[in-house]
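# Breakdown of the fold
What follows is each chain in one-letter form.
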Amino acid sequence: MKNSRRHFLKHSALASAGTMFIPSFLHGSSELIGAAKGYKKVVIIQLSGGNDGLNTVVPYRNDLYYKYRPNIGLKTSDLHTLTDEVGINNNLTGLKYLYDEGYLSIINQVGYPNPNRSHFRSMDIWQTASGSDEYLNEGWIGRYLDSQCSGCDKPYHAIEADDTLSLAMKGKNNTGLALTNANKFKQMLNEQDVHLDHAENENLSYLNKIYTSTQMSAEYVFDHSKIYKSKKEYPKGAFGNSLKLIAELIISQSETKVYYTSLTGFDTHVGQKGRQARLFENYSEGLKTLVLDLKENNMLDDTLIMTFSEFGRRVKENASRGTDHGTANNVFIVGRKLKKPGIYNAMPDLVNLDKFDLKYQVDFRNIYATMLEKWMDVDSSKILGKEFKPLQFV
Amino acid sequence: MKLDQKEVQHLYWRAGFGGTYKEITKYTGKSHQDVVNDLSKKAANYKPLKLAVPIKPGEVKMKDLSVDERKEFQKTNRTNIRQLNFDWIQLMVNDEGALREKMAVFWHNHFACMSGQSVFTINYLNSIRKHALGSFRDMLFAISKEPAMLQYLNNQQNRKKSPNENFAREVMELFTLGRDNYTEKDIKEAARAFTGWGFENTGEFVFREKQHDDESKTIFGKTDNFNGDDVLNMLLENKQTAHYLTQKIYAYLVNDQLDEKQIQSLSKTFYESDYNIQTLLEDIFLSKWFYKSENIGTRIKSPIDLLVGIQKSFHVKLNEADPAIYVQTVLGQKLLYPPNVSGWDEGKSWIDSSTIIVRSKLTQMLLLSGAIDILPKQSGDDFELFKNAKKLRKINSQLDVNAFKNEFASIKNDVELMHYMLQIDTPKTMNISISKEDKGSLFRTIAYYSQLMEYQMC
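All values reported here derive from a predicted model rather than from experimental measurement.

What counts and how
- Residues numbered from 1 in each chain as written.
- Chains lettered and ligands numbered in written order.
- Predicted model: local features only at pLDDT ≥ 70, side-chain atom pairs only at ≥ 80, totals over all residues.
- Heavy atoms only, no water.
- Helix = DSSP H or I, 4+ residues; strand = E, 2+ residues; numbered from the N terminus.
- Rg over C-alpha atoms; globule rule 2.2 N^0.38 Å.
- Buried < 20%, exposed > 50% of the residue type's maximum accessible area, 1.4 Å probe, protein only.
- Contact = heavy atoms within 4.5 Å.
- Areas by Shrake-Rupley, 256 points an atom, 1.4 Å probe, with all protein chains shown as cover.
- Lys, Arg positive; Asp, Glu negative; His and termini not counted.
- Charge placed at Lys NZ, Arg CZ, Asp CG, Glu CD.
- Buried area = accessible area lost by both parts, 1.4 Å probe.
- Salt bridge = Lys/Arg side-chain N within 4 Å of Asp/Glu carboxyl O.
- Polar contact = N/O pair within 3.5 Å; in protein donor to acceptor, adjacent residues only side chain to side chain.
- Domains from an automatic or database assignment.
- Core = buried A, V, L, I, M, F, W, Y, C linked by side-chain atoms within 4.5 Å.
- Axes fitted to C-alpha atoms, helices over the stretch in contact; angles between N-to-C directions.
- Parallel < 35°, antiparallel > 145°, perpendicular 65-115°, else oblique.
- Nonpolar A, V, L, I, M, F, W, Y, C, P; charged D, E, K, R; others polar.
- Pairing = 2+ DSSP bridges.

To continue, consider the overall build of chain B. When helices and strands are tallied, chain B shows 21 helices and six strands. Compactness check: chain B gives a C-alpha radius of gyration of 23 Å against a globular reference of 23 Å for 458 residues, within 12% of the reference. Principal axes of the C-alpha set define a box for chain B whose edges measure 80 × 55 × 40 Å. In chain B, buried positions account for 57% of the 458 residues. Taking the intrachain contacts of chain B between residues at least 6 apart in sequence as the baseline, contacts between residues at least 24 apart amount to 71%. Summed over its atoms, the accessible surface of chain B is roughly 18,400 Å², and 49% of this surface lies on carbon and sulfur atoms. The average position of the 62 basic charges and that of the 59 acidic charges among the side chains of chain B differ by 4 Å.

Each partner contributes residues to the interface: chain A has 44 residues there, and chain B has 45 residues. Looking only at chain A, the three residues that lose the most surface to chain B are Tyr-135, Asn-203 and Leu-207 of chain A, adding up to 17% of its buried area. Summed over the shared surface of chain A and chain B, the number is two salt bridges. With its nearest N and O atoms 2.8 Å apart, the salt bridge here joins Glu-202 of chain A to Lys-348 of chain B. Taken together, the links from chain A to chain B amount to 10 residue pairs in polar contact (both at pLDDT 80 or more). If you list the elements that add at least two residues to the side of chain A that touches chain B, you get helix H5 (119-128), strand S7 (177-178), helix H7 (182-189) and helix H8 (202-225) of chain A. If one sorts the elements of the side of chain A that touches chain B by residue count, H8 of chain A sits on top with nine residues.

Residue and element names in this part refer to chain B. The domains assigned to chain B are domain 1 (5-45 + 238-295), domain 2 (300-400) and domain 3 (408-458). Each partner contributes to the interface: domain 1 provides six residues, whereas domain 2 provides eight residues. Interface of domain 1 and domain 2: buried area, both sides summed, is about 650 Å²; carbon and sulfur atoms make up 67% of it. Of all residues in domain 1, Trp-13, Phe-17 and Thr-20 give up the largest surface area on contact with domain 2, accounting jointly for 71% of the area buried on that side.

With that settled, consider the environment of Lys-26 of chain B. Residues and elements named next belong to chain B. Structurally, Lys-26 can be placed in helix H2 (residues 21-27). Overall, the relative accessible area of 54% leaves Lys-26 in the exposed class. Sequence separation between Lys-26 and Gln-5 is 21 residues; the distance between their C-alpha atoms is 9.6 Å.

On to the nonpolar core. Of all hydrophobic cores here, the largest spans 201 residues; its most connected members are Met-103, Trp-107, Phe-111, Phe-136 and Phe-285 of chain B. Once residues within four sequence positions are removed from consideration, Met-103 of chain B is found in contact with Ala-132, Leu-133, Ile-249, Tyr-252, Leu-253 and Leu-281 of chain B. If you look at the next biggest cluster of nonpolar residues, it comprises 45 residues, including Tyr-112, Phe-308, Tyr-344 and Phe-388 of chain A.

All names here are of chain B. For the pair helix H16 (residues 321-331) and helix H17 (residues 355-368), the least separation of the axes is 9 Å and the interaxial angle reads 140°. Here H16 is positioned oblique relative to H17, judged by the angle of their axes. Residues Val-327, Val-330 and Leu-331 of H16 lie in contact with H17, whose contacting residues are Thr-355, Val-358, Arg-359 and Leu-362. A per-class count over the contact of H16 with H17 returns five nonpolar, one polar and one charged.

Let's shift gears to the sheet that holds strand S2 (residues 57-59) of chain A. Strand-to-strand pairing in sheets goes through backbone hydrogen bonds, with the strands running parallel or antiparallel. All names here are of chain A. Pairing within the open sheet is antiparallel, and its three strands lie in the order S2-S4-S3. A strand with exactly one partner marks an edge of an open sheet, and here the two such strands are S2 and strand S3 (79-81). Averaged over all adjacent pairs, the angle separating strand axes in this sheet is 40°, with direction ignored. When S3 meets strand S4 (residues 86-89), the two strands line up antiparallel, connected through three bridges. Residue Leu-79 lies in a different strand from S4, and its bridge partner there is Asn-89.

In structure tokens:
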């Protein structure tokens, strides 16, 4: 990776702007060479709109399931069966493959106390890792960047494959990077003139800092995006492209700890079956392609992929062959170093409901804590605000 | 005290959304009393905003509607609220009473609230605009009884037998005292005092006596059978409320680095005036310290400051609601759709690696009616999808060429323009003259300064 280091120095915004001095916050920057083997990273996939978890992972032997869902309930012919009790929606063929390979852990009944059924609010809760009664302005990955652990203080340490940045990626003093195309992103930034001589004006200095570090990161990402070009065929569209970008950056050994992307459209109040099918195909084919891409390039061992949605949906179907906003949901963990591949914990309890909604059994912040502690090797309590006991999936 | 150009601009940015070049030139050299009086006078008149599609409150009963009619009704409400957002923004651009709207944005953030009912939304917004420069006491009582707020904070569900604490908590934490100035018991007991506060479908506040808990409560150490009004009065009686509000207003209008001594003194007068907002504002704008260099150019423009400021300064107008909402979404401040009850976090929170790019290009985009190659986040809510996201990227705007040329006719070179556009001087000037012969020179110079980080400050 020596070549890329030279490249980076030569092309970095700071090096090229001759008159500019390098501000202190960029001193002692981390290794400029690529991420070595053993450099652990996570990919987070957000299913926006509230995916119906009960028609994703299906308790096909449970009569109550069919009682609550006489029209949209999935029969065994609509499923890939995983166990004697559990099947997954048969549009999740890619996910079935990952399950068979032992690369998938399904965590059921994930949620938080006093669940909120608003998309906006519940998404903020997941993204800021807050309780449902507190309002935080920083995202959990942003706080990870803020914690300034070695290798988590540059914008490119957390990349969102999108045009704009999610709250999850914004910290108090650091933010991640949002881009969909490394070349386009670099173009948007390269003409800008930045001055760094306003030390007395804290807010202006902050703007300059963010601009300069974004510029530098854009160069960094652009350089890395050229090293490996994937030949795999990802699903067409924004989501497939975002996974391809992520794969290319990982395989090019970009020093990025967190990648973030989302797929939207899961708000299935009406005509759920067909719509969820199309989304699932896109999701699971994309995910499988990503995993194979990483595996063939020896990068799967160092990558953990988590999929979540802001809430699950109501147990009982509605009158429009859809479902309304609900509560607890399943979370998927994909990787090759799973401690307990398969179905991690019990399926949702359809007997003891809370006003027709599922009761959560696993707090999502325990999942975050697991990833932070056991995978990223950092103290999660500083980032999550308090202690959450890690689970055993890695 | 005579104001120089930078000081006039400072006042215009903080008490509004910036002034036009001619306004600034006109007031340069005038005393600060004269300029402040003038701004106050222009803002004195309150004119309510109206809904684009009038809806008679209570006329439509959801349960009487078919599924399709219900959808149609919800769509009308959404269109109304989006249009209201746009109308409000245009009012900020066009109306001379900018100080009222500037403060209304502050109060909208303070009393952050949203509703799917456009009638509730407009009543709430007009209530905030009406009281924006008046008495905070009146505003607190009015907003606490607005259906939009009671609905947003679930007070309709706050009943004698099953109290809902949401409203009682936020009224203390966010609207009056600020965090850590009350106990959990105060909230529990106050929630009981607010039981029975609700609203009718017609958009009227209603006190439902049957649902009200008339037993005695102990709040802030006092015991009586308090009602909701009593609690609001107790909150206003507490000097901490004046202090908390003054801190927030100081951060909004002066500096996010708080000067506790100045705040103490302001807050005392504010309290003694029985929460007269105009008094507090004049106290700030007529002080000497407000114009000190450490307060000038230190504020990061909010997305609204930026969006309104550009339109105002350069005589360019957005043509319709969609692009205006699109810009607000991308920049992270969509009026009438606050992220949650605590509103938007000001200052550095506006800034991240993507908003900073859009910000630095926004002026050019508006002037050129250009496109921003960035798609806003989709919330996932089916009703909120940007169905024509591609179309929205084109910022449909109209430049009034004559007004634009006329405005800057007296400008001779880029340094003069820089002094108008930037509150913080930049060392990187271009040393070019601006002339009528070189038609592009004015445009290029504006484009150049507008992309600098200094332009993001006010």
